[in-house]
Amino acid sequence: MSAAMKRLLKASSLGALHNSGERFDPPKCHPNTRTAVLQKLMDWFIGVFGWDNFVLWLYGPAGAGKSAIAQTFAEQCADKNALLASFFFSRSDSRRNSEKAFIATLAYQLWLRIPESRPIVETAISNNPAIFQLNFETQFRTLFLHPLLQLSSAGCFASAIPFPNLIIIDGLDECNGADMQNTIVNTISNTLQHHRPALPFKFLIASRPEYHLTTSFSVGPLHSLTFRLALDDTYQPDEDIKLYLTDSFHDIREKHIMRAYLPDSWPLEEDIAELVEKSSGQFIYAATVIRYVSSPRHNPLDRLKVIQGLLPVNDDRPYAQLDALYINILSDVEDVKAVLRILGVAFVLTNDYLKPLGVNDLENFMQLTPGTVQLLLIDLLSVVDASDNNKPIKFFHASFSDFLVDPTRSCQFFIDPNKKHEEAAHFCISAIESFHIETPPLNFAYRSLLKHLRLAGSLHDNTTLREKLFTVPYIQHWTTYALASFKYRRPLNEDPAMFLDFLQMSEFSQTEELYLHHRDILDQNLRDSLALIPMSPCLNFWSAVCAGGILESYEVVPIETFWVLSDSLAAGLSASSPDFFFSSSFNQSEVGSVRRQPPWYDLYSITGTPYLRMARAFLNDPSRAGPHAVDQSTYTTAAVFVVEFAVRAWDWAKYIFLRQYRGSEWDFIWDAFAFMLSKAEYSAELVNALGKQNLTLKLGRPGANVRRRVQTLFGAVRNYLLKFKGSSPLPCKIIIDWTRYPNDKVLNCFTADDLDDNNIMRRLIYIDESILSNDEDLQEPAGKRGQPYGNT
């Protein structure tokens with residue numbers, strides 16, 4: 001061996017070759033996987049497309065399988081004598097993590113695969129024995145570019161005899177220093193640009209999409225020379241990962257020392273599906289799982305359970321290789337504290353039930369200068385994506401999130417979810433304080449504050465958070481926020497009552513003071529709103545409905561109910577009935593006719609909520625409601641109001657319900673009628689109205705529990721008259737008018753069919769005491785659905 005060759009071999013890193021013994025069992029594609037990507041690479045190489053693309057940049061996040069694809073493609077091309085040289089960078093190998101051995105290794109492979117180059121390379125080394133101590137550009141020109149140009153001048157590349165012309169550079173991002181990585185790609189670019197006719201070579205470069213590399217491949221001559229191939233969902237990595245896992249578990253069942261104890265059905269299809277989902281399209285997670293489970297010193301059944309979280313980890317490190325990858329990536333981050341803060345908040349927001357905030361909105365939410373997120377995350381492009389300001393930060397790997405929140409794995413990079421939920425709660429409070437109604441952070445703050453508070457860990461000694469909660473104008477801004485949410489057709493998940501419930505049950509110090517402070521604010525809001533509504537029977541009726549808790553047993557009460565049972569002369573619903581008692585979102589809502597529906601009409605119906613219970617407690621407490629507290633006189637006025645409605649002739653307002661063809665709208669009215677009578681004191685007006693010989697109630701048929709509701713209402717009328725009319729004769733019957741048209745039937749009795757829920761006949765029926773059972777006490781309203789019917 002010549003002295004020049006000895007120096008060349010010494011300067012080379014043979015461990016960087018695709019077939020190096022140092023890289024024993026290098027990562028490569030599992031059989032029948034990544035076939036679409038490999039075919040794409042081959043089509044590019046043989047010229048099916050991209051004739052002018054002499055460079056192909058294969059990029060993707062960490063763990064996407066770039067090295068395995070490059071290795072497999074290198075082997076395929078080597079088998080065809082098409083591979084001229086390869087260099088597989090590795091951050092953990094001092095001979096493969098810099099440019100120092102890069103050119104020497106390429107020159108050695110040129111010497112090896114094109115015999116005509118040998119005297120040229122050896123002469124270049126002999127003429128300059130210190131060549132390996134010179135800079136990168138000099139080495140490249142002397143040992144690689146000039147020999148190739150001489151071979152080209154001699155006609156070596158013009159003959160019909162095929163020659164190796166593919167150069168593969170894998171893991172360029174693992175070469176120390178962004179400047180040197182750029183130098184390598186720019187040197188290749190300049191060479192191809194100036195010597196394309198003489199040098200018909202192609203370069204495959206694989207790396208993570210680091211910012212500086214993305215920039216280099218996007219500008220200058222390299223942009224036009226390069227075909228960019230992203231390892232994304234286009235190539236269906238999940239299907240390949242599933243095949244890899246299925247085959248690997250089959251091998252474990254066939255070859256493991258405990259194979260006799262492994263069921264043929266292990267693992268289940270759903271177990272594999274869960275692992276595929278956890279892989280997030282990245283082969284490194286799946287490969288790590290198989291490496292851990294297949295250990296010959298352990299039970300594969302137990303080890304898979306460890307992966308699934310069904311058994312404790314103990315002293316094992318199932319994700320050691322994956323953890324090392326993530327630690328290496330985070331170790332290169334300049335301001336890692338700020339980065340972990342952003343990732344932590346983004347993580348707890350991403351796991352919310354709401355759509356995560358886009359990058360711009362996240363910066364607004366976290367009170368960061370615009371552009372900060374992209375700037376700080378620039379070194380993490382292989383694991384997260386923050387390139388689109390209008391989209392949320394994307395974690396490429398589900399396993400990366402798991403790593404960050406597990407202190408045994410992430411060590412100094414650990415993100416404490418409790419602390420981040422606390423921090424997110426602070427940001428929510430700040431957003432509510434600033435109250436910019438048009439900004440997504442405000443919507444996010446109102447809808448997620450309670451969740452973050454619940455997950456913020458111990459609150460007892462958290463005086464800072466307690467002080468901020470004490471002053472936050474959550475209730476003061478709620479109505480404005482809620483109406484704006486309906487305007488933009490955003491459903492609501494939280495309300496002031498849930499906020500107060502949390503404060504009352506929280507573990508803050510002096511919880512009672514914190515709770516009462518905000519409850520007093522709510523009470524004042526209710527009193528101020530009530531002061532705007534003139535006193536009227538309608539107001540008394542709805543106050544009594546809320547105080548009596550009638551609506552709390554209903555799943556839905558439509559908005560039409562409020563329209564029909566409100567003062568028809570009022571300009572709006574809020575001018576005649578306290579709609580804000582039933583939902584904190586209704587305050588000052590406008591109504592008129594069906595044609596003037598509010599923008600949130602189709603989105604909201606009154607339902608049983610904590611807010612209803614809170615409003616009921618307010619109305620039943622004179623110390624809180626003051627002159628608006630509900631007492632027996634309120635129920636009496638409400639009873640007169642609902643009786644007047646019941647005996648009123650059919651009109652347009654009452655027909656609104658009938659036109660729905662459902663009947664369920666009438667359930668509430670039947671129940672409210674009976675309830676108010678059961679609570680009312682003596683009223684001459686009521687006694688006279690109910691004591692008529694032919695009391696006719698013009699009420700639509702209930703939608704459910706018809707017999708029970710008719711029994712209950714009849715019993716309420718009878719009991720009220722017995723209580724306050726004394727020994728005077730009672731009416732023998734009540735007429736219920738269910739007619740709609742003049743030709744509807746009129747009967748002088750009722751039958752069992754008339755009171756059947758499924759009967760849709762509309763006619764006059766005459767109800768007397770025979771509808772009641774002998775032992776039934778019906779002073780209680782029929783507000784609760786599903787109670788057993790009385791006997792007829």
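In the annotation of an unreviewed UniProt entry, the chain is listed under the name Nephrocystin 3-like N-terminal domain-containing protein and assigned to Psilocybe cyanescens.

A closer look at the pattern of salt bridges
Taken as a whole and assessed by the stated rule, the structure comprises 16 salt bridges. A salt bridge links R409 to D323; its shortest N-O distance comes to 2.7 Å. On the criterion of sequence distance, the pair formed by R409 in helix α19 (residues 407-410) and D323 in helix α14 (residues 320-331) is long-range, its members being 86 residues apart. The same class applies to R409 and to D323, which are both buried. Ionic pairing is found between R341 and E423, a salt bridge with its closest N-O pair at 2.4 Å. Taken together, the residues R341 in helix α15 (residues 336-350) and E423 in helix α20 (residues 417-434) connect sequence positions 82 residues apart. On the accessibility criterion, R341 (32% relative accessible area) is partly exposed.

Quick notes on the nonpolar core
It is characteristic of soluble globular proteins that their nonpolar side chains tend to be buried jointly. Ranked by internal contacts, the top residues of the largest apolar core, which has 165 residues, are I393, F541 and F668. In terms of residues, this core owes the most to one element, helix α32 (residues 665-679), which gives 10 residues. I393 has contacts with I342, A346, V359, L362, V373, L377, V384, D385 and A386, leaving out every residue within four places of it along the chain. Judged by nonpolar contacts, the second largest core, of 56 residues, contains I131, F136, M180 and I188.

Let's talk about the pairing of strand β2 (residues 83-88)
Strand residues, when the strand is regular, have side chains that alternate between the two faces of the sheet. Of all the 6 residues making up β2, 6 are buried; the element is thus mostly covered by neighbouring parts of the structure. Of the strand pairs in this sheet, β2 and strand β3 (residues 166-170) are connected by 5 bridges, and their pairing is parallel. Within β3, the residue paired with S86 across the bridge is I168.

Points about the pairing of strand β9 (residues 734-737)
What you see with β9 is no split at all: I734 and I736 on one side and I735 and D737 on the other are buried throughout. For strand β8 (residues 695-697) and β9, the ladder comprises 3 bridges, and the chain directions are parallel. Bridge assignment links L695 to a residue of β9, and that residue is I734. Relative to strand β10 (residues 764-767), β9 is paired through 4 bridges, and the arrangement is antiparallel.

A few points about the sheet that holds strand β1 (residues 55-59)
On the basis of which strands lie adjacent, the open sheet formed by 5 strands has the order β2-β3-β4-β1-β5 and parallel pairing. Edge positions in the sheet fall to β2 and β5 (226-230), since each of these pairs with one other strand and no more. Adjacent strand axes in the sheet meet at a mean angle of 15 degrees, parallel and antiparallel pairs treated alike. In the packing of helix α2 (residues 35-46) onto the sheet, the strands contacted are β1, β3, β4 (202-207) and β5, and the crossing angle to β4 comes to about 150 degrees. Here helix α7 (residues 178-195) sits on the sheet in contact with β1, β3 and β4, set at roughly 160 degrees to β4.

Considering the sheet that holds β9
The sheet built from 3 strands is open, its strands ordered β8-β9-β10 with mixed pairing. The sheet terminates laterally at β8 and β10, the two strands that pair on one side only. In this sheet, adjacent strand axes meet at a mean angle of 25 degrees when their direction is disregarded.

Observations concerning α7
Over its 18 residues, α7 runs 26 Å from end to end, which matches the ideal 26 Å to within 8%, given 1.5 Å per residue. Within the sequence span of α7, burial applies to M180, Q181, N182, I184, V185, T187, I188, S189, T191 and L192.

Side note on unusual backbone geometry
Note the cis peptide between W266 and P267, where omega equals -10 degrees. One can find P267 in the loop between α10 (237-255) and α11 (269-279). Notably, S280 is not glycine yet its phi reads approximately 55 degrees, a positive angle. Looking at where S280 falls in the secondary structure, it is placed in the loop between α11 and α12 (283-293). Owing to a relative accessible area of 26%, S280 belongs among the partly exposed residues under this scheme. With phi around 55 degrees, N705 is a residue other than glycine that occupies positive phi space.

Focus on the packing of aromatic side chains
Taken as a whole and assessed by the stated rule, the structure comprises 38 aromatic pairs. Note on F365 and F444: the rings are 6.0 Å apart at their centroids and 70 degrees apart in plane angle, and the pair reads as edge-to-face. Here the residue F365 occupies a position in helix α16 (residues 359-365), and F444 occupies one in helix α21 (residues 440-454), the gap between them amounting to 79 residues. Summarising the burial analysis for this pair, F365 and F444 share the class buried. Measuring from ring centre to ring centre gives 6.0 Å for Y474 and W478, while their planes differ by 15 degrees; the resulting arrangement is stacked. Taken as a pair, Y474 and W478 lie in helix α23 (residues 474-487) at a separation of 4 residues, close to a single helical turn. Like W478, Y474 is buried.

Brief notes about the environment of I771
Assignment of secondary structure puts I771 in the segment after β10. Note: C-alpha distance between I771 and R708 (63 residues apart in sequence) is 9.8 Å.

Here we look at the side chain of R709
On the secondary structure map, R709 appears in helix α34 (residues 706-724). For R709, the side chain forms a polar contact with the side chain of D671, separated by 2.9 Å. A distance of 2.6 Å separates a polar side-chain atom of R709 from the backbone oxygen of A704.

Thoughts on the confidence of the model for the chain
Overall, the predicted model of the chain reaches an average pLDDT of 86, with 87% of residues at or above 70. Low pLDDT, under 50, characterises residues 588-604; the stretch is placed with 37 contacts to residues that sit more than four places away or in other chains. Here residues 775-792 is a poorly scored stretch, pLDDT under 50, and it has 55 contacts once near neighbours within four places are set aside; other chains count.

Quick look at the side chain of Q181
Mapped onto the elements of the fold, Q181 is located in helix α7. Q181 sits in the buried class, given a relative accessible area of 4%.

Regarding the environment of G703
In this structure, G703 sits in the loop between β8 and α34. For G703, a relative accessible area of 31% gives the class partly exposed. It is 8.9 Å that separates the C-alpha atoms of G703 and N758, two residues lying 55 residues apart in sequence.

Parameters at a glance
Residues numbered from 1 in each chain as written. Predicted model: local features only at pLDDT ≥ 70, side-chain atom pairs only at ≥ 80, totals over all residues. Heavy atoms only, no water. Salt bridge = Lys/Arg side-chain N within 4 Å of Asp/Glu carboxyl O. Helix = DSSP H or I, 4+ residues; strand = E, 2+ residues; numbered from the N terminus. Buried < 20%, exposed > 50% of the residue type's maximum accessible area, 1.4 Å probe, protein only. Core = buried A, V, L, I, M, F, W, Y, C linked by side-chain atoms within 4.5 Å. Contact = heavy atoms within 4.5 Å. Pairing = 2+ DSSP bridges. Axes fitted to C-alpha atoms, helices over the stretch in contact; angles between N-to-C directions. Expected span 1.5 Å × (residues − 1). Phe/Tyr/Trp six-rings, centres within 6.5 Å; stacked < 30°, edge-to-face > 60°. Polar contact = N/O pair within 3.5 Å; in protein donor to acceptor, adjacent residues only side chain to side chain. pLDDT = per-residue confidence, 0-100.

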